[in-house]
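Chain by chain, the residues run as shown.
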Amino acid sequence: MMSVSPPLQVFGFWRSIASFRVRVALNLKGLAFTEVPVDILNGAQFSAEYDRLNPEHVLPTLVHGETVLFQSMPIMEYVEDLQPTPPLLPKTPADRAYARALALVAVADSHPLIVPRVRKQLAAAFGAREPAVNDWCGHWTREGLQTLETLLARRAPSPFAVGDTPGLADICIVSQAVAAGFFGIDLAPFAAVARLHDTCLALPPFAQSHPLRQPGAPAA
Ligand SMILES: N[C@@H](CCC(=O)N[C@@H](CS)C(=O)NCC(=O)O)C(=O)O
């Protein structure tokens with residue numbers, strides 16, 4: 001692990017899929033960081049202290065000296081700029097755009113629909129009970145996985161999504177597969193995604209970043 005000055009601090013939480021993405025990026029780069037837990041299941045994201053860092057009241061936030069960054073995608077791109085090797089993005093403009101597009105299927109189009117504030121609002125505005133909320137989350141998680149599956153079938157991973165080293169696209173696709181686990185979604189119908197998940201989780205930077213490996217996480 002390479003120490004960084006000023007030190008890198010991630011405000012995250014074991015259950016947070018977006019925090020997982022940032023953790024993997026930092027670990028792939030070998031950059032040392034500390035994580036400050038913010039319990040989003042207990043409303044800690046709404047504390048006045050956290051509001052000063054992140055007025056959207058979401059995780060993760062990266063603090064690096066005077067720099068305070070939010071949103072996992074730009075945080076990962078910042079990490080890429082900070083420490084260019086090993087690269088998280090491929091070389092050609094077309095491949096870089098494709099990697100970002102794969103990432104955003106999960107980050108922008110699927111994951112935002114299943115976060116705690118959306119689940120809470122389904123209950124508050126429409127009286128949805130837990131099984132209905134879980135159906136909603138399952139639906140949007142599967143939609144994202146199906147799109148990724150189709151894309152990976154059209155351009156097969158070799159062995160990673162856009163080349164022979166793990167990067168931004170892999171991190172985000174795997175984050176979607178990990179989220180699926182929280183809703184008991186079987187990955188079998190999404191074979192290419194499942195293979196990529198297994199390939200990536202065999203690597204220590206992914207394995208040690210897994211939500212269930214973080215402090216405070218349940219055993220399974
Ligand atoms: N698009 C954001 C996701 C931010 C987000 O929704 N984070 C979740 C945890 S993964 C959160 O903090 N949710 C709190 C809430 O919904 O109240 C990113 O990729 O960083």
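Above this text sits the structure in question.
A brief structural summary. (Residues numbered from 1 in each chain as written. Predicted model: local features only at pLDDT ≥ 70, side-chain atom pairs only at ≥ 80, totals over all residues. Heavy atoms only, no water.)

1. What about the pattern of salt bridges?
Within this structure, the stated rule accounts for four salt bridges. Its salt-bridge partner being R23, residue E35 comes within 2.7 Å of it at the nearest N-O pair. Here R23 lies in helix α1 (residues 17-29) and E35 lies in strand β2 (residues 33-37), a separation of 12 residues in the sequence. Note that E80 is salt-bridged to K29, the shortest N-O span being 2.6 Å. Taken together, the residues E80 in helix α3 (residues 72-82) and K29 in helix α1 connect sequence positions 51 residues apart. For E80, a relative accessible area of 11% translates into the label buried. Looking at K29, the relative accessible area reads 3%, which means it is buried. (Salt bridge = Lys/Arg side-chain N within 4 Å of Asp/Glu carboxyl O. Helix = DSSP H or I, 4+ residues; strand = E, 2+ residues; numbered from the N terminus. Buried < 20%, exposed > 50% of the residue type's maximum accessible area, 1.4 Å probe, protein only.)

2. A look at the environment of I75
With respect to the element layout, I75 can be found in helix α3. For the pair I75 and S158, spaced 83 residues apart in sequence, the C-alpha separation works out to 26 Å. Dropping the residues within four chain positions of it, I75 is found in contact with V22, P60, T61, L62, L69 and F70. (Contact = heavy atoms within 4.5 Å.)

3. Looking at the site of the ligand
Not every one of the 17 residues close to the ligand is listed here, only the nearest: Q45, L59, Q71, S72 and R117. A distance of 3.0 Å is found between an oxygen atom of the ligand and a side-chain nitrogen or oxygen belonging to R21. If you map the ligand onto the pockets, it falls in the largest pocket. Broken down by element, the shell around the ligand gets its largest block of residues, three residues, from α1. Of the residues that constitute the shell around the ligand, the class distribution is nine nonpolar, six polar and two charged. (Near = heavy atom within 4 Å. Polar contact = N/O pair within 3.5 Å; in protein donor to acceptor, adjacent residues only side chain to side chain. 1 Å grid on protein atoms, 1.4 Å probe; cavity = no way out; pocket = protein on both sides within 12 Å on 5 of 7 lines; lining within 4 Å. Sits in = over half its atoms within 2 Å of the grid points. Nonpolar A, V, L, I, M, F, W, Y, C, P; charged D, E, K, R; others polar.)

4. Observations regarding the packing of aromatic side chains
If you walk through the whole model with that rule in mind, you get four aromatic pairs. Between F11 and Y50, the ring centres sit 6.1 Å apart and the planes meet at 40°, which makes this aromatic pair tilted. Here the residue F11 occupies a position in strand β1 (residues 8-12), and Y50 occupies one in helix α2 (residues 48-53), the gap between them amounting to 39 residues. With respect to class, F11 is no different from Y50; both count as buried. (Phe/Tyr/Trp six-rings, centres within 6.5 Å; stacked < 30°, edge-to-face > 60°.)

5. Side note on the packing of helix α5 (residues 116-126) against helix α6 (residues 130-154)
Two elements in contact, α5 and α6, have axes separated by 10 Å at closest approach and are oriented at 135°. Judged on the interaxial angle alone, α6 and α5 are oblique. Here α5 runs over α6; the crossing is right-handed. Residues V118, R119 and L122 of α5 pack against V133, W136 and C137 of α6. Looking at side-chain class alone, the contact of α5 with α6 contains five nonpolar, no polar and one charged residues. (Axes fitted to C-alpha atoms, helices over the stretch in contact; angles between N-to-C directions. Parallel < 35°, antiparallel > 145°, perpendicular 65-115°, else oblique. Left-handed = near helix turned anticlockwise from the far one by under 90°.)

6. Structural notes on the pairing of β2
Two elements, β1 and β2, share five bridges in a ladder whose sense is parallel. Note on β2: the bridge partner recorded for G12 is P37. Each parallel crossover has a hand, and for β1 linked through α1 to β2 it is right-handed. (Pairing = 2+ DSSP bridges. Right-handed = clockwise from strand over helix to strand, strands pointing away.)

7. Some thoughts on the side chain of H111
With respect to the element layout, H111 can be found in the loop between α4 (93-107) and α5. Not counting residues within four places of it along the chain, the set of residues in contact with H111 comprises I17, A18, R21, A106 and Q176.

On their own, these measurements won't tell you what the molecule is for.
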